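# Structure at a glance
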Amino acid sequence: MALCLLYGLAGCGSSDDDVNYVERPVEVLYNNALDELGAQEYKAAAKGFEEVDRQHPYSVWATKAQIMAAFAYYQSNKYDEAIIALDRFIQLHPGHRDIPYAYYLKALCYYEQISDVGRDQRMTQQALDALAEVVKRFPESPYARDSRLKVELAIDHLAGKEMAVGRFYQQNKQYVGAINRYRVVIERYQTTTHVPEALHRLVESYLSLGVKSEAQEAAAVLGYNFPGSEWYQDSYYLMTGEGTPAPSDEKSGWFFGLF
């Protein structure tokens, strides 16, 4: 009697997943998930690949299914789920041939969540760190070149955030705060396109504070590194009253590291 009761309770406590669970051959599960992926049914594909790992955890298909599930999550913009799956794959299979791709895909999950410069840039820093890890760990891999490019873009984005904050401070006459932000761009992000403007904004901010010697130094650095820049044209006009300010604020340039 007790045995019958036990079976009855077990039946009552089973979930729908248990009732609907049907063990299938690993090839069938994997190919069905591939079909879902090809049909851009990414959520279903991710679940299908996870089912391969769940039903056949010790098969060679399971290892591949783990990273394919992460890819499907990435394709559906489920970045958190993708990162969790990738971290698991990296931990379980550190020597697998797809490890470089796993690190690269994880970096992309962060990179594609980078927001505009008006928002918090924590995700940009995470993307930068993850991309740099790809370059460091797998410099000869096919993913290193794209990672290097995206590192430069992420750095430029961080510099853009500093510039946006600096302009805000400057517009609100908080010149010391603005100067600190512009100097961060000049000293930390020397290879970005924001440096010429940062130097010019230093000239403006120092002049607003009445510190002409510092303004002259910033203008000299700007002129030495970017003599043809429209930002230098603006700074030269501010310092000497000669010439005319540039008509547009759409300017860029490169910095050669005098600071």
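Further up the page is the structure itself.
Residue numbering note: each chain is counted from 1, following its sequence as written. Owing to the predicted nature of the model, reporting of local features is limited to residues with pLDDT of at least 70; listing and counting of side-chain atom pairs is limited to 80 or more, with chain, interface and lining totals taken over all residues. Note that the side-chain values use all heavy atoms of the structure and ignore hydrogens as well as water.

### Focus: the side chain of Asn-225
Heads up, the rule is: Only DSSP runs of H or I with at least four residues qualify as helices, and only runs of E with at least two residues qualify as strands; both kinds are numbered from the N terminus onward. With a 1.4 Å probe rolled over the protein chains alone, any residue whose accessible area is under 20% of its type maximum counts as buried; one over 50% counts as exposed, and the rest are partly exposed.
Among the structural elements, Asn-225 can be located in helix α12 (residues 212-225). With relative accessibility at 7%, the residue Asn-225 sits in the buried group.

### Considering the packing of aromatic side chains
Here is the rule we go by: For Phe, Tyr and Trp, where Trp contributes only its six-membered ring, two rings pair if their centres lie within 6.5 Å, and the inter-plane angle classes them as stacked under 30 degrees, edge-to-face over 60, or tilted in between. Note on criteria: charge over ring means Lys NZ or Arg CZ within 6 Å of the ring centre, with the direction from the centre no more than 35 degrees off the ring normal.
According to the stated counting rule, one finds 9 aromatic pairs in the structure shown. Directly above the aromatic system of Tyr-111 lies the positively charged group of Lys-150, at a separation of 5.4 Å from the ring centroid.

### Let's talk about the nonpolar core
As a reminder, the rule being used: In this text, buried Ala, Val, Leu, Ile, Met, Phe, Trp, Tyr and Cys residues form a nonpolar core when linked through side-chain atoms within 4.5 Å. Should any heavy atoms of two residues lie within 4.5 Å, those residues are counted as being in contact.
The biggest cluster of nonpolar side chains holds 67 residues, and the ones touching the most others in it are Leu-37, Phe-49, Tyr-74, Leu-86, Cys-109, Leu-199 and Leu-202. Tallying contributions element by element places helix α7 (residues 99-111) first for this core, with 10 residues. With near-sequence residues (within four places) excluded, Leu-202 lies in contact with Ile-179, Tyr-182, Arg-183, Ile-186 and Ala-218.

### Some remarks on the environment of Tyr-103
With respect to the helices and strands, Tyr-103 occurs in helix α7. Taking relative accessible area as the criterion, Tyr-103 reaches 13% and is therefore assigned buried. Expressed as a C-alpha distance, the spacing of Tyr-103 and Ile-83, which sit 20 residues apart in the sequence, is 9.6 Å. Other than its neighbours up to four places away in sequence, Tyr-103 contacts Ile-90, Glu-133, Val-134, Arg-137 and Phe-138.

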